[in-house]
Amino acid sequence: VNETLEQKLRDICKHSLTNVLFDRKEYKVVLKKNYKTISKLRKNIVEYIDKVKVNFDFPAEWIQPQKQNCLKVFIDLESEEAMRVKSRFNESPPQGKILQIYRIQNQLLWQKYAASRAILKAKGNDTEALLFHGTRQNDPLIIYEGQDVGFDMRLSNQGMWGKGIYFAEAASYSNGYAYQNGKTKWMFLASVLIGNPYPSPPNSALSRPPVMPNCNQLYDSVAVSYTHLRAHETGRNLVCRLLLEKKKKQQTQI
């Protein structure tokens with residue numbers, strides 16, 4: 001029973017005037033007193049647990065079984081998966097073309113992402129987006145081979161919306177921040193949990209999304225504009241999905 005689930009169950013029981021006892025060793029929830037409400041409580045608890053149940057299944061296109069935690073899988077440029085990536089990339093193409101596409105299969109980061117998605121779903125909005133990200137001077141390998149953290153805000157610089165991980169809908173925008181290795185550039189196409197974004201003008205003092213009105217919860221991300229998004233809570237809301245390489249002024253790899 002994690003702390004988020006435990007607090008939600010306590011809230012359910014509180015509204016029904018029933019006490020609850022948690023046995024974490026056996027993962028049991030024991031309801032006490034006011035037994036007339038037990039059936040209703042059981043229904044509410046089961047509905048909530050079903051709502052936040054985490055689906056840890058890996059994406060259908062992943063190669064399984066996978067012995068090591070992280071695989072970097074080359075994607076045939078004529079495959080259906082590559083066509084989807086190229087279509088997304090060509091919505092706002094930078095100069096150059098895609099040379100290579102790799103699928104990143106990091107099992108630990110995917111599981112953390114799935115758990116975060118379940119939390120946002122329980123909050124009422126688990127909106128996701130595929131967005132581009134350039135790592136500047138940081139080798140993408142540091143990110144996609146991570147076990148505890150993928151996109152790490154400790155490697156971020158101060159920006160117009162504070163220190164955070166910045167993502168863009170437009171590949172042409174992230175191209176300006178792409179990691180360069182010789183004549184090629186690399187950028188990510190990443191799944192990002194946007195949730196409830198906070199629309200914000202430039203504000204370099206931001207250190208986290210602000211509190212939503214009329215409730216005690218924070219916004220899940222900061223929406224800078226229709227083509228740019230900043231995610232503060234990077235370990236929770238982000239997962240590396242694809243790595244793109246691009247050849248400067250000539251060809252591009254993703």
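Residues numbered from 1 in each chain as written. Predicted model: local features only at pLDDT ≥ 70, side-chain atom pairs only at ≥ 80, totals over all residues. Heavy atoms only, no water.

Student: Explain the overall build of the chain here, please?
Tutor: Helix and strand counts for the chain come out as 7 helices and 15 strands. Looking at the 254 residues of the chain, the share that counts as buried comes to 46%. When contacts within the chain are restricted to residue pairs at least 6 apart in sequence, long-range pairs at least 24 apart make up 72% of them. By element, 50% of the accessible surface of the chain is carried by carbon and sulfur atoms, the whole surface being about 14100 Å². (Helix = DSSP H or I, 4+ residues; strand = E, 2+ residues; numbered from the N terminus. Buried < 20%, exposed > 50% of the residue type's maximum accessible area, 1.4 Å probe, protein only. Contact = heavy atoms within 4.5 Å. Areas by Shrake-Rupley, 256 points an atom, 1.4 Å probe, with all protein chains shown as cover.)

Student: I tried to follow the pattern of salt bridges on my own but got confused; where do I start?
Tutor: Close approach of charged atoms lets side chains of opposite charge pair. By the definition in use, this model includes 5 salt bridges. For Arg103, the salt bridge goes to Glu81, with nearest N and O atoms at 2.8 Å. Within this pair, whereas Arg103 is found in strand S4 (residues 98–106), its partner Glu81 is found in helix H3 (residues 80–89), the two being separated by 22 residues in sequence. Each member of the pair, Arg103 as well as Glu81, is classed as buried. Residues Asp220 and Lys123 are paired through a salt bridge, measuring 2.8 Å at the closest nitrogen-oxygen approach. One end of the pair, Asp220, is in the loop between strand S11 (197–199) and strand S12 (221–225); the other, Lys123, is in helix H4 (residues 107–123), and 97 residues separate them in sequence. Residue Lys123 is classed as partly exposed on the basis of its relative accessible area, which comes to 29%. (Salt bridge = Lys/Arg side-chain N within 4 Å of Asp/Glu carboxyl O.)

Student: Is there a simple way to think about unusual backbone geometry in this case?
Tutor: Trans peptide bonds make up most of the peptide bonds, and negative phi angles are found at most residues other than glycine. Cis peptide bonds are those with omega within 30 degrees of zero, and the linkage from Gln64 to Pro65 qualifies with 0 degrees. You can see Pro65 is positioned in the loop between helix H2 (38–52) and strand S3 (70–75). Within the chain, Arg136 stands out as a residue other than glycine whose phi angle is a positive 55 degrees. Its identity as a non-glycine residue notwithstanding, Asn214 has a phi of 65 degrees, on the positive side.

Student: I keep staring at the environment of Ala115 and nothing clicks. Help me out?
Tutor: Mapped onto the secondary structure, Ala115 falls in helix H4. Residue Ala115 is classed as partly exposed on the basis of its relative accessible area of 26%. Taking the C-alpha atoms as reference points, Ala115 and Asn55, separated by 60 residues in sequence, lie 7.9 Å from one another.

Student: It is not clear to me how the environment of Gly162 should be interpreted in this structure. Could you clarify?
Tutor: Examined against the element boundaries, Gly162 turns out to sit in strand S7 (residues 162–163). The spacing of Gly162 and Leu206 is 44 residues in sequence and 4.9 Å in space, taken between C-alpha atoms.

Student: Looking at this structure, I do not really get the pairing of S4. What am I missing?
Tutor: Along any regular strand, the residues point their side chains to alternate faces of the sheet. Counting buried residues along S4, 7 of its 9 residues qualify, which places the element largely inside the surrounding structure. Judged from the 6 bridges that link them, S3 and S4 form a sheet pairing that is antiparallel. Bridging from a neighbouring strand, Ile75 pairs with Ile101 of S4. (Pairing = 2+ DSSP bridges.)

Student: Please clarify how H3 should be interpreted in this entry.
Tutor: Each full turn of the α-helix corresponds to 3.6 residues, which orients residues three or four apart in the same direction. Listing the buried residues of H3 in full gives Glu81, Ala82, Val85, Lys86, Arg88 and Phe89. Here the buried residues of H3 occupy an arc of 160 degrees about the axis, which is enough to place them on one side. (Arc of directions from axis to C-beta.)

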